[in-house]
Amino acid sequence: MSPTKLNLKDKYKLLTRDLDWEFSYEDRQEAFPYEEFEGIKITDWDKWEDPFRLTMDAYWKYQAEKEKKLYAIYDAFSQNNGHTNVTDARYVNAIKLFLTGVSPGEHAAHLGFAFTGRQMGGIGARVAAQMQSIDELRHIQTQIHAMSHYNKFFDGFDEFNHMHDRVWYLSVPKSFFEDARTAGPFEFMVAIGFSFEYVLTNLLFVPFMSGAAYNGDMATVTFGFSAQSDEARHMTLGLEIIKFLLEQHEDNVPIVQKWLDKWLWRGYRLLTLVAMMMDYMLPQKFMSWQEAWELYFEDAGGALFKDLERYGIKMPDYTETIKQEKEHLSHQAWWTFYQYTHAAAFHTWTPSSDEMDWLSEKYPNTFDKYYRPRWELAAEMEAKGERFYTTGLPQLCQTCQIPMMFTEVDDPSQVAYRESVYNDERFHFCSDPCKSIFDNEPEKYVHAWLPVHQILQGNCGGGGLDKVIEYYHLDNGAANLEFEGSPDAERWKQWKGVA
Amino acid sequence: MSRVQIAFQDNDESRYIVAAIEQDNPTAVVHYEPAMIRVENEGSLTINRESVCEQIGMDWNVQSLHLNLITLTGHIDEEDDYFKIMWNN
Ligand SMILES: [Fe+2]
Ligand SMILES: [Fe+2]
Ligand SMILES: [Zn+2]
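Note that the coordinates shown come from a computational prediction; the quantities given were computed from them, not determined experimentally. (Residues numbered from 1 in each chain as written. Chains lettered and ligands numbered in written order. Predicted model: local features only at pLDDT ≥ 70, side-chain atom pairs only at ≥ 80, totals over all residues. Heavy atoms only, no water.)

Time to look at the coordination of the iron ion (ligand 1). All names here are of chain A. Looking at the iron ion (ligand 1), one finds its protein donor set to be E106 (OE), E136 (OE) and H139 (ND1), positioned 2.0 to 2.1 Å from the metal centre. Of note, the iron ion (ligand 1) draws all its donor residues from one chain, in the sequence arrangement E-x29-E-x2-H. Its relative accessible area of 1% is what places E136 among the buried residues. (Donors = N, O, S within 2.8 Å, 3.2 Å for Na, K, Ca; no water. Buried < 20%, exposed > 50% of the residue type's maximum accessible area, 1.4 Å probe, protein only.)

If you want it as structure tokens, here you go:
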């Protein structure tokens, strides 16, 4: 290294901290109008510690390098008809779910971090949030580019943006991010920066991407890991903000604890989609949802909470519920989508007998007892030409917006229902934590745009299910319904030369 | 003490970073998973610039870690000469 070069610390100081200025003639409070209304007390922004000393010049340099690598692979992928090299056409449904359900969340995160990157009073935190905002924009762009190749050959991709604001199960991720974005800057940071990015994002990206690699999907694994290389930075920003808030003032502790309790649960409920993807949607499976949960949440999250104990922060009370649910989650979710796949932008199927054996092995306490009989019956009906669909509409949880499908912790044969009355109106929930989130901020959640209510009120195309499907821009008979016999499946057979 | 972990894309640069980690953190456990390499260690884990330079056979900047990083846990200590992750418990 040449001796004239600044060291990392000095360079960081000059190119980040020194970008700030004193407010000599403007009121600082007016410049940062959102900094106090959440009740958070900041005494000294100078105490902010930056984990990665990344300056803007280095940021552009490394990001440009990542993009170059990424797009070279995209080119190779499409030039070599990479879509024909995936393990099976069923696999593609996992990335349809990703594009419709996850990618718009990247865009929401982009907007959210642009907001906090403007509103936090400390320059270090602001610069880090601005970088993250740009990263998240890069994520949705690279994801759309990667999927645009699949879009030429498979159904269900093209209307992802239109669908995101309308389709029943997509209201789950949409409302999650909208809930965070309509909070103040610090709650947003605890919600997305910490709870989602630090604690849960590994469970979203790492299994999705390892799964993609395992199933021959080079484009997805590449954008996934390229995005994930930004994620390590996002995670440390999340951890830093938590430590900073807790160290700044003891009055911040109960506020942060309440946000953690809320957002870890909201995020966990959102990951139901990942559980189902891992256990049911990957033709070549590599790790069960339960195993991923144990590795990335119980193990890594456990170490984290042990570290936060000294501030008076504790693991949320419901972690026992989650522990029990981990053996049921994916089965209940796939069963729900299996029944309602006529109104979904991806296909579903019954697991093959090999896949069921894998599930029995991974879930020895629950699969054979509760779920195998259901799938065997579904397969039997299908063989007789009576593929099972539910025509009624499910009841949704007012908080997480997921259909009521989760069972009682002590009785897996009983679906859990909770309710609260607010202003003489009755509201329904899937679980105790979803109920208490509502009870803490009822005035926020009474406004929830619940897809089933909207359908029943005639706001989704009016009329029957056909009208709803039209309103969703769902290509009926192509993008929805059972995988077997779908145009996707037929094209795949042709490419592979199977009669 | 809690375990820290760090994961890299499985590629030609990470291979040498992992070799340097193994050399400098003898208790580290390396897992090869689809398309990625995950390394765990009790308490803390350090990547020394000099060790990576030696392994890779050319100059290597600690910040270029960003290119191949997938995820990590623990608190970070980053200097010109090393990159360290650790828990305080
Ligand atoms: Fe992202
Ligand atoms: Fe992120
Ligand atoms: Zn709920």
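Okay, back to it.
Looking now at a nonpolar patch on the surface. Residues and elements named next belong to chain A. On the surface, a nonpolar cluster with roughly 260 Å² of combined accessible area is contributed by L6, L14 and L15. Structurally, L14 is set in helix α1 (residues 8-15). Its relative accessible area of 43% is what places L14 among the partly exposed residues. (Patch = residues over 30% accessible without salt bridge, like charges linked within 9 Å, V, L, I, M, F, W, Y side chains within 5 Å. Areas by Shrake-Rupley, 256 points an atom, 1.4 Å probe, with all protein chains shown as cover. Salt bridge = Lys/Arg side-chain N within 4 Å of Asp/Glu carboxyl O. Helix = DSSP H or I, 4+ residues; strand = E, 2+ residues; numbered from the N terminus.)

Let us look at the packing of helix α5 (residues 123-151) of chain A against helix α9 (residues 218-248) of chain A. Residues and elements named next belong to chain A. Where α5 contacts α9, the axes come no closer than 10 Å and their chain directions differ by 170°. As summarised for this structure, α5 and α9 are arranged roughly antiparallel, according to the angle between their axes. Regarding α5 and α9, the two cross each other, and that crossing is left-handed. Residue composition of the contact of α5 with α9, by class: 10 nonpolar, 8 polar and 6 charged. (Axes fitted to C-alpha atoms, helices over the stretch in contact; angles between N-to-C directions. Parallel < 35°, antiparallel > 145°, perpendicular 65-115°, else oblique. Left-handed = near helix turned anticlockwise from the far one by under 90°. Nonpolar A, V, L, I, M, F, W, Y, C, P; charged D, E, K, R; others polar.)

A regular strand places its side chains so that they alternate between the two faces of the sheet. In terms of residue burial, strand β3 (residues 36-42) of chain B counts as a mostly covered element, since 6 of its 7 residues are buried. Where strand β2 (residues 29-33) of chain B hands over to β3 of chain B, the hairpin turn is made up of 2 residues, of which A35 of chain B adopts a positive phi near 65°. (Pairing = 2+ DSSP bridges.)

Moving on to the side chain of E408 of chain A. Tracing the backbone shows E408 of chain A in strand β1 (residues 407-408). Looking at E408 of chain A, its side chain comes within polar contact range of the side chain of R418 of chain A, at 3.0 Å. (Polar contact = N/O pair within 3.5 Å; in protein donor to acceptor, adjacent residues only side chain to side chain.)

Glancing now at the coordination of the iron ion (ligand 2). Residues and elements named next belong to chain A. In the first shell of the iron ion (ligand 2), the protein supplies E136 (OE), E197 (OE), E197 (OE), E231 (OE) and H234 (ND1), at 2.0 to 2.7 Å from the metal. Spacing between the donor residues of the iron ion (ligand 2) along the chain follows E-x60-E-x33-E-x2-H. Between the two metals, the iron ion (ligand 2) and the iron ion (ligand 1), the spacing is 3.3 Å, and E136 donates to both. One end of the pair, E197, is in helix α8 (residues 185-214); the other, H234, is in helix α9, and 37 residues separate them in sequence. Residue classification places E197 among the buried positions, given a relative accessible area of 4%.

Facing 33 residues of chain B, the contacting portion of chain A comprises 40 residues. In this assembly, chain B packs against chain A so that about 3,300 Å² is buried in total across both faces, 56% of it on carbon and sulfur atoms. Together, Q63, H66 and L67 of chain B form the three largest contributors to the area buried by chain B at its contact with chain A, with a combined 20%. Applying the counting rule to chain B against chain A returns 3 salt bridges. (Contact = heavy atoms within 4.5 Å. Buried area = accessible area lost by both parts, 1.4 Å probe.)

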